[in-house]
Amino acid sequence: MLRISAFALAMALALPAWAQPIRLGAVLPLTGPAAVVGTQEQRGIQFAVDEVNAKGGIGGHLIEVQFEDNQAKPDQSVLLFNKLVDLVKVPVVFTGYSGPTLAMAPLATRKKTLLVNGGAQADALDKASPYLINTIPVLAGELEVLADYLFGDASKKTAAVLYENNAAGIAGRDDFVASYTKAGGKVLAQEPVQFGDTNYRPALLKLGATNPDVLFVIITSGTPQLADQVRQVDAKYMVAGNTFFSDPELIANPNAEGFTHTQVLINAPDGMAAAFKAKFGTEFDFFPKQYYNATTIVLSCIEHLVKAGKPITGEALRTALLEIKTFKGITTTVFNTNTAATQINMNRLTNKTDTIIKVIPPK
Amino acid sequence: MLWLHLLVNGLVWGCALGMVAVSFSLVFATTKIFHVAHAAVYGLGGYLAWSALKHGMPEWAALLVGIVACAITGTLIQKLLYERLDRRGATHLVILIASLGLSAVMQNAVAAVYTSNVLQFGLPWAARTTAIGGVLLTTAQMLTVVAGILSYLGAMWFAHRTVLGKRMRAVASNPFLAEITRLQPRQVHIAVMAIASAMVAIPGVLVPLDLGLQPFGGVPILLTATIAMIAGGVGSISGAFLVAVGIAVLQNLSLLVIPGEWSIGITFGIFVIFMLFRPRGLFAG
């Protein structure tokens, strides 16, 4: 009898552990002006999770993600982070956009929860928290590449800056100005636009009046409207930007002909892109790829812990990530610090296609 | 010549803003309802016109669909929400909160149906530019100016020359007296809401023709239009329109002397100081 009870107890302790799903959290803008990016990020996460679950999960555990909508608002993000960590008890929270991520970073440190950012690039994210893992390089590295290319290869000696008046835009402006000035260029003027405002004409007119060789643009949405208005004001300067220019609508816009930009490398096999499109009805473009990559990194760490029989906590996941260090997913991602290093390309929009014009390997 | 470009850009934007301010002013002066959902009606007009266009309707018919649908939406909002709340003795604050809620519901419904992507009408003629006095204007911008001026003149004619317009002014002036003299304020409220909603659909279509459609795009425009209405003098159509144009021009021209991040703050700062000296507005009777 005692032996049977001991066996039953052992089964009771073991079975639920196998049966229980591993629940992760995500705080992303699913409504509001940033939702176009947020929903794509959500799909990237879900795509990776569905792929793992279709194979039976990790060590018998299915993976679940609880998505919360922060509308890209930092205050809302803090509330939702607390909800996910304190009530749902998730060890990992996926995040996007610099402002909300920076707002959650101190909480991630305090609660030892892994905060995984696959899309935001403000420099402050690099050192915001030891528990904040950036699976995409921060802006400084990307814009240094752009500034060197513009001043050197493209011989653009003067620049004007149009930036979005938020954490990502301001960080991008400061990084570009510092790198371009260091390269030898001169920044003639800079103007902000509000997030979600697609009327760029006043700023374009003012910046155009300084006759720059190049206009550096760092805005996260409304790039097709920008292209239209640049042509309407009969601009003579070159237009340059960063990865944010990899918007399919911008690429398809004939007014964006000649727009030049940096592109953080992220590739996906054709079959995977087709499967994504069949599942969600949208292209497997930059942000879903990045969040798919970020999710596979987290799932690799979970697998590492499950195999080692260790508990899945934020602290254990962070340690596992820095131990594994190199992840060969859809793109090779290396973590020498908590911010990933990847290859960056220089691209140009030509005949409605985004073409690589120069490859810059990671430093 | 930068000042001329900025001035013209301000005038164009001011005409769009002016249509929103005048339509909001008609509603507020007559019903005393702070109709925040006007921002959502503005957005709805553009999206419905976009849908009509994508279903093969000609441009003029798509604009008409937007205008008529907004007029019907405005009528329903007044009849099914505001009037019911008013009959049940709801305060203006309660109605304001209901309007806020309705606005959120409508905008999120639009975002759910159409996505939050910035949608484009994609009409090449709308983006075609014409040089006027050395300033390049798109066809959409020129249409906005024409529509803005015609809407303003139309609103003035309606308010001062038509029977319904006179009833509207009477109700706005003294609702109690209007009630006992059988001017039927509730019917006037519905008619005004329909007219104002139809009017706000015009910039709701023309502005996105130029700048793209966004589900939440009406909110900042309504905020500025509200300030224009108050600074212009509640109930004054000319005040709302001219101050809206003034704000837009000032915001644009201020770029000549200050960086863009200060533009909105300083423009509205000037109006706050102005209101201290003339709290009833510039054109108050």
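Since we're looking at a predicted model, the values are computed, not measured.

Draft legend 1. Up close: the overall build of chain A. Within chain A, the secondary structure is distributed over 12 helices and 14 strands. Expected size for 363 residues packed as a compact globule is a radius of gyration near 21 Å; at 22 Å, chain A falls within 12% of this value. Taken along the three principal axes of its C-alpha coordinates, chain A extends 90 × 40 × 35 Å. The buried share among the 363 residues of chain A stands at 55%. Sequence-distant contacts, at least 24 apart, represent 66% of the contacts inside chain A between residues at least 6 apart.

Draft legend 2. Layout of the sheet that holds strand 3 (residues 92–95) of chain A. All names here are of chain A. Reading across from one edge, 2-1-3-4-5 is the order of the five strands in this open sheet, with parallel pairing throughout. The open sheet terminates on both sides in strands that have one partner only, identified here as strand 2 (63–69) and strand 5 (132–134). When strand polarity is set aside, the average angle formed by the axes of neighbouring strands in this sheet is 25°. Pairing of strand 4 (residues 114–117) with strand 5, which is carried by three bridges, proceeds in the parallel orientation. Among the inter-strand pairings, L115 is bridged to a residue of strand 5, identified as L132. Its contacts with the sheet place helix 12 (residues 314–324) against strand 3, strand 4 and strand 5, and it is angled at close to 50° to strand 4.

Draft legend 3. Summary view of the sheet that holds strand 8 (residues 214–218) of chain A. Residues and elements named next belong to chain A. Taken in spatial order, the seven strands of this open sheet run 7-6-8-9-10-13-14, and their pairing is mixed. Unpaired on one side and paired on the other, strand 7 (186–193) and strand 14 (353–360) mark the two borders of the sheet. Averaged over all pairs of adjacent strands, the angle between strand axes in this sheet comes to 25°, irrespective of strand direction. Taken together, the three bridges between strand 8 and strand 9 (residues 238–241) define a ladder with parallel strand orientation. If you follow L215 over to strand 9, its bridge partner there is V239. Taken strand by strand, helix 5 (residues 139–153) contacts strand 8, strand 9, strand 10 (260–264), strand 13 (344–350) and strand 14, and its axis lies near 145° from that of strand 10.

Draft legend 4. Local environment of the interface of chain B and chain A. Taken together, the contacts link 25 residues of chain B with 25 residues of chain A. Only helix 1 (2–31), helix 4 (92–114), strand 2 (135–138) and helix 12 (260–277) of chain B provide two or more residues apiece to the side of chain B that touches chain A. Looking at the side of chain B that touches chain A element by element, the count peaks at five residues for helix 1 of chain B. Across the side of chain B that touches chain A, the residue classes tally to 11 nonpolar, 13 polar and one charged.

Draft legend 5. Here's a closer look at the packing of helix 7 (residues 163–173) of chain B against helix 9 (residues 185–211) of chain B. Residue and element names in this part refer to chain B. Helix 9 packs onto helix 7 with a crossing angle of 115° between their chain directions and a minimal axis gap of 10 Å. When the axes of helix 7 and helix 9 are compared, the crossing they make is left-handed. Contact residues: helix 7 offers L164, R167, M168 and V171, while helix 9 offers P185, V188, A191 and V192. Of the residues assigned to the contact of helix 7 with helix 9, the class counts are seven nonpolar, no polar and one charged.

Draft legend 6. Broad picture of the environment of B:A191. Turning to its location among the elements, B:A191 is positioned in helix 9. Remark: the alpha-carbon pair of B:A191 and B:M168, spanning 23 residues in sequence, is separated by 8.9 Å.

Draft legend 7. Region of interest: the domain arrangement of chain A. Residue and element names in this part refer to chain A. You can read the domains of chain A as domain 1 (22–138 + 268–334) and domain 2 (139–263 + 344–360). Between the C-alpha centres of domain 1 and domain 2 the distance comes to 28 Å. If you list the elements that add at least two residues to the side of domain 1 that touches domain 2, you get helix 2 (35–54) and helix 4 (98–111). Per-element tally for the side of domain 1 that touches domain 2: the top contributor is helix 4, with three residues. Of the residues belonging to the side of domain 1 that touches domain 2, the class tally is 10 nonpolar, three polar and three charged.

Draft legend 8. Fine view of the packing of helix 2 (residues 38–54) of chain B against helix 4 of chain B. All names here are of chain B. At their nearest, the axes of helix 2 and helix 4 sit 8 Å apart, and the two run at 25° to each other. Compared by their axis directions, helix 2 and helix 4 come out roughly parallel. In terms of crossing hand, the pair formed by helix 2 and helix 4 is left-handed. Counting all contacts with helix 2, which are made through A39, A40, G43, L44 and Y47, the residues of helix 4 involved are S103, M106, Q107, V110 and Y114. Broken down by class, the residue content of the contact of helix 2 with helix 4 amounts to seven nonpolar, three polar and no charged.

Draft legend 9. Structural context of the pairing of strand 1 (residues 22–28) of chain A. All names here are of chain A. Here strand 1 lies mainly inside the structure; six of its seven residues are buried. Strand direction decides the pairing type here: strand 1 and strand 2, joined by seven bridges, are parallel. Bridged to A26 within strand 2 is F67. For the handedness criterion, the β-α-β arrangement of strand 1, helix 2 and strand 2 is classed as right-handed. With three bridges joining them, strand 1 and strand 3 adopt parallel strand pairing. Within the sheet, the bridge partner assigned to G25 lies in strand 3 and is V93.

Draft legend 10. Seen up close, helix 8 (residues 223–232) of chain A. Residues and elements named next belong to chain A. Buried residues dominate helix 8, accounting for nine of its 10 residues. Of all the positions in helix 8, only T223, P224, Q225, L226, A227, D228, Q229, V230 and Q232 are classed as buried. Just past helix 8, the residue D234 takes up positive phi, approximately 60°.

Draft legend 11. Main features of unusual backbone geometry. Residues and elements named next belong to chain A. One non-glycine residue, Y97, lies in positive phi territory at about 70°. Topologically, Y97 is positioned in the loop between strand 3 and helix 4. Of note, the phi angle at N351 is positive, near 50°, even though the residue is not glycine. Relative to the helices and strands, N351 is located in the loop between strand 13 and strand 14. Taking the C-beta count within 10 Å as the criterion, N351 has 7 such neighbours and is therefore assigned exposed.

Draft legend 12. A look at the pairing of strand 6 (residues 158–164) of chain A. Residue and element names in this part refer to chain A. Where burial is concerned, most of strand 6 is hidden: six out of the seven residues are buried. As judged from the seven bridges shared by strand 6 and strand 7, these two strands associate in the parallel manner. Paired with T158 across the two strands is K186, which belongs to strand 7. Handedness of the β-α-β unit built from strand 6, helix 6 (residues 167–183) and strand 7 comes out right-handed. When strand 6 meets strand 8, the two strands line up parallel, connected through five bridges. Bridge pairing in strand 8 links A159 to V214.

Here is what the cut-offs are and how they apply
Residues numbered from 1 in each chain as written. Chains lettered and ligands numbered in written order. Predicted model: local features only at pLDDT ≥ 70, side-chain atom pairs only at ≥ 80, totals over all residues. Helix = DSSP H or I, 4+ residues; strand = E, 2+ residues; numbered from the N terminus. Rg over C-alpha atoms; globule rule 2.2 N^0.38 Å. Buried ≥ 20, exposed ≤ 12 C-beta atoms within 10 Å, placed from the backbone. Contact = placed C-beta atoms within 7 Å. Pairing = 2+ DSSP bridges. Axes fitted to C-alpha atoms, helices over the stretch in contact; angles between N-to-C directions. Nonpolar A, V, L, I, M, F, W, Y, C, P; charged D, E, K, R; others polar. Left-handed = near helix turned anticlockwise from the far one by under 90°. Domains from an automatic or database assignment. Parallel < 35°, antiparallel > 145°, perpendicular 65-115°, else oblique. Right-handed = clockwise from strand over helix to strand, strands pointing away.

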